[in-house]
Amino acid sequence: MSQPAPLEQVDKSWWKEAVVYQIYPRSFNDSNGDGVGDIPGITEKVDYLDELGVDVVWLCPVYDSPNADNGYDIRDYRAIMDEFGTMADWEELLDALHARDMRLIMDLVVNHTSKEHEWFQRSRQRDGKYEDYYYWRDGSPDEPPNNWESIFGGPAWSYDDDREQWYLHLFDENQPDLNWRNPDVRKDVKEMITWWLEKGIDGFRMDAINFISKPEGLPDGDPDAQLVGHEHYAHGPHIHEYLQEVYDDTLANYDTMTVGEMGGTSIEQTAEYLIEGNSGLDMIFQFNHLAVDDGPNGPWSLDGWGEWNLTDLKEIVTRAQDELAAEFWESLFLGNHDLPRIVSRFGDDEVYHEESAKLIATFLLTLRGTPYIYQGEELGMTNVEFDTLDELDDVMTIGKVKELIEAGEIDSFEEVRDLVNYLSRDHARTPMQWSNDFHAGFTEGEPWFDVNENYRDINVEAALADENSIWRHYQSLITLRHEMDTLVYGEYELLLPDHEQLYAYTRTLGDEEVLVVLNWSDAPTTFDAADIETSEAEILLSNYEESPQNPHQQEFRPYEAVLYRL
Ligand code: GLC
Ligand code: CA
């Protein structure tokens, strides 16, 4: 093992030391009783975020949008969605965050726009320079130009009767892909980015950013692939050039953080972006660890989903720690607005709800990288049960179910209900649970989406009143991370790789060594790592009372999670 680097040799920056909190505005807090979360609602909760201790807020899209995909279909990049408030409200939020030394990063959605964006409206009329702002192709109305599939189900092409041509959309038909080959598109996007940076934001989360470069000729994809066409449009030929150009012409002039969302990216491909001068991205959301419970055909497999082994998770996470976090930097997350609730997926949302939610928190906040907490995780919010297709809102889940029905793979929703109840994006989008008041204190009106019934037990008010709550555990972990550089910058080393219940590792920086022992199971087990000297171990945090003082000498109980200083 190499010698851990002394602190003064580690390349430090504020975004490496930060803990990020992700807000899905529609479901966070409604200030005016129309049932839809909004920006003044977030501003009301800035003190709440400050008390939790987070440093950065990532705000999912708040731009003007017809909401085919809840804001990821942008009609006007420089305007705020009416339902969410005004630009003045947004400025007030930015000021409120900055006044508390928190920063704000915005979602940058530039793989596609809404169909209602002015650029698309003009493009379909072949209006001047806008003619080639999107991917238009000739062809008869019943024969798409290639076989690519939409990530949301169905073909990636729709026919436009106005222009009498097909246009490409990797996502919903209301989200046409921008043609990044066109320098005018890049120029407009860069101007928009600078416009937001000038307003004082602190960076971007870049949506689906590995898809922006499509190859010449748009060749057919492998028809047997999980997502047909993916091998062509993911990490396309000019991707690094485009990202570097965006960086050089915009971000390079500001002190920002950037995180690129990249679905279907290997660890090697991820590393390619992080090499200095190859994208300007600080870190990436790569999803390798979240494939651990996929079935044979990916997340939407009809069988074989939902099972996972801890040893597999350890192997994948350790590779990312060694090859991304140690070499460059890594983003740490298990959940977001597109994913099920983490305690339902990786913990036990019934018997060991509290213990397992705290264990997962301990894991996320003690790895090397920048942790991202998705709203409600700090409460241990859980998945919900959907009984019928009508109860769902998410365009992707609905699209996928329809695709399966149309392909004859299933006859009805019933057949995929369990799968949907395991992985739908809707689970993350139920309203934030603030109190045990009507509608969980989220709204005084009718919520746009039903509140999870368990809000009477799981809510902020109850969590703040309990000094041992999951919320308090998050708060303590964030405080520890702020106090101990070892938790941020320390070298990660996996212990006991083959242990089926324990995930244990050390973090080392200079003279300081921290040991994390997580019993990621519902049965007791022992820690036996002979080469680790634990006789003087000091417990920094635990999710049980009276945890083993010396980890070698006592059993770890179900989901017991202990952080030691050695
Ligand atoms: C990203 C977003 C997701 C959205 C999609 C299309 O994956 O996280 O919510 O639907 O991109 O913009
Ligand atoms: Ca509202």
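Residues numbered from 1 in each chain as written. Chains lettered and ligands numbered in written order. Predicted model: local features only at pLDDT ≥ 70, side-chain atom pairs only at ≥ 80, totals over all residues. Heavy atoms only, no water.

Chemist: Describe empty space enclosed by the protein, naming the residues involved and giving the relevant values.
Modeler: Evaluated as defined, the whole model comprises 3 cavities of 30 Å³ or more. Of the volumes computed, that of the largest cavity is approximately 130 Å³. His 289, Val 317, Glu 330, Leu 332 and Leu 367 are the residues nearest the centre of the largest cavity, which is lined by 14 residues in total. Sorting the residues of the lining of the largest cavity by element identifies α10 (310-325), β12 (331-332) and α12 (353-364) as the ones contributing at least two each. Residue composition of the lining of the largest cavity, grouped by class: 9 nonpolar, 4 polar and 1 charged. Approximately 60 Å³ is the volume found for the second largest cavity. In terms of lining residues, the second largest cavity is bounded by Arg 341, Ile 342, Val 343, Ala 357, Ile 360, Glu 377, Gly 380, Met 381 and Tyr 474. Listing elements by their share of the lining of the second largest cavity, those giving two or more residues are α11 (342-346) and α12. The residue makeup of the lining of the second largest cavity, split by class, is 6 nonpolar, 1 polar and 2 charged. (1 Å grid on protein atoms, 1.4 Å probe; cavity = no way out; pocket = protein on both sides within 12 Å on 5 of 7 lines; lining within 4 Å. Points joined across faces, edges and corners; volume = space filled by probe spheres on them. Helix = DSSP H or I, 4+ residues; strand = E, 2+ residues; numbered from the N terminus. Nonpolar A, V, L, I, M, F, W, Y, C, P; charged D, E, K, R; others polar.)

Chemist: Run through the side chain of Arg 163, naming residues and quoting values.
Modeler: Tracing the backbone through its elements, the reader meets Arg 163 in the loop between β7 (157-160) and β8 (165-168). The side chain of Arg 163 sits in the buried core without any salt bridge; Glu 131 is the nearest counter-charge, 4.3 Å away. From its side chain, Arg 163 meets the backbone oxygen of Ser 123 in a polar contact 2.8 Å long. Look past the residues within four positions of Arg 163 in its chain and what remains in contact with it is Ser 123, Arg 124, Arg 126, Glu 131, Asp 132 and Trp 136. (Buried < 20%, exposed > 50% of the residue type's maximum accessible area, 1.4 Å probe, protein only. Lys, Arg positive; Asp, Glu negative; His and termini not counted. Salt bridge = Lys/Arg side-chain N within 4 Å of Asp/Glu carboxyl O. Polar contact = N/O pair within 3.5 Å; in protein donor to acceptor, adjacent residues only side chain to side chain. Contact = heavy atoms within 4.5 Å.)

Chemist: Which residues make up the UniProt feature "domain: Glycosyl hydrolase family 13 catalytic" (unreviewed entry) in the protein chain, and what values go with them?
Modeler: Residues annotated in UniProt with the feature "domain: Glycosyl hydrolase family 13 catalytic" (unreviewed entry) correspond here to residues 22-429. Within residues 22-429, the helical portion is 30% and the strand portion 12%, while the C-alpha atoms at the span's ends are 12 Å from each other. (UniProt positions renumbered as here; feature names shortened; annotations may be inferred.)

Chemist: Describe the site of ligand 1, naming the residues involved and giving the relevant values.
Modeler: Of all residues adjacent to ligand 1, which total 13 residues, the nearest are Asp 69, Asp 207, Glu 261, His 337 and Asp 338. Here ligand 1, which alone exposes 310 Å², has 96% of that area covered by the protein. Here the residues of the shell around ligand 1 sort into 3 nonpolar, 3 polar and 7 charged. (Near = heavy atom within 4 Å. Areas by Shrake-Rupley, 256 points an atom, 1.4 Å probe, with all protein chains shown as cover.)

Chemist: How would you sum up the packing of α12 against helix α16 (residues 470-483)? Please name residues and give values.
Modeler: Between α12 and α16, the shortest axis-to-axis distance is 9 Å and the interhelical angle comes to 15 degrees. Between α12 and α16, the crossing angle belongs to the class labelled roughly parallel. Read as a crossing pair, α12 and α16 show a hand that is right-handed. Together, His 353, Glu 354, Ala 357, Lys 358, Ala 361 and Thr 362 of α12 and Ile 470, His 473, Tyr 474 and Leu 477 of α16 make up the contact between the two elements. Class assignment of the residues belonging to the contact of α12 with α16 gives a composition of 5 nonpolar, 3 polar and 2 charged. (Axes fitted to C-alpha atoms, helices over the stretch in contact; angles between N-to-C directions. Parallel < 35°, antiparallel > 145°, perpendicular 65-115°, else oblique. Left-handed = near helix turned anticlockwise from the far one by under 90°.)

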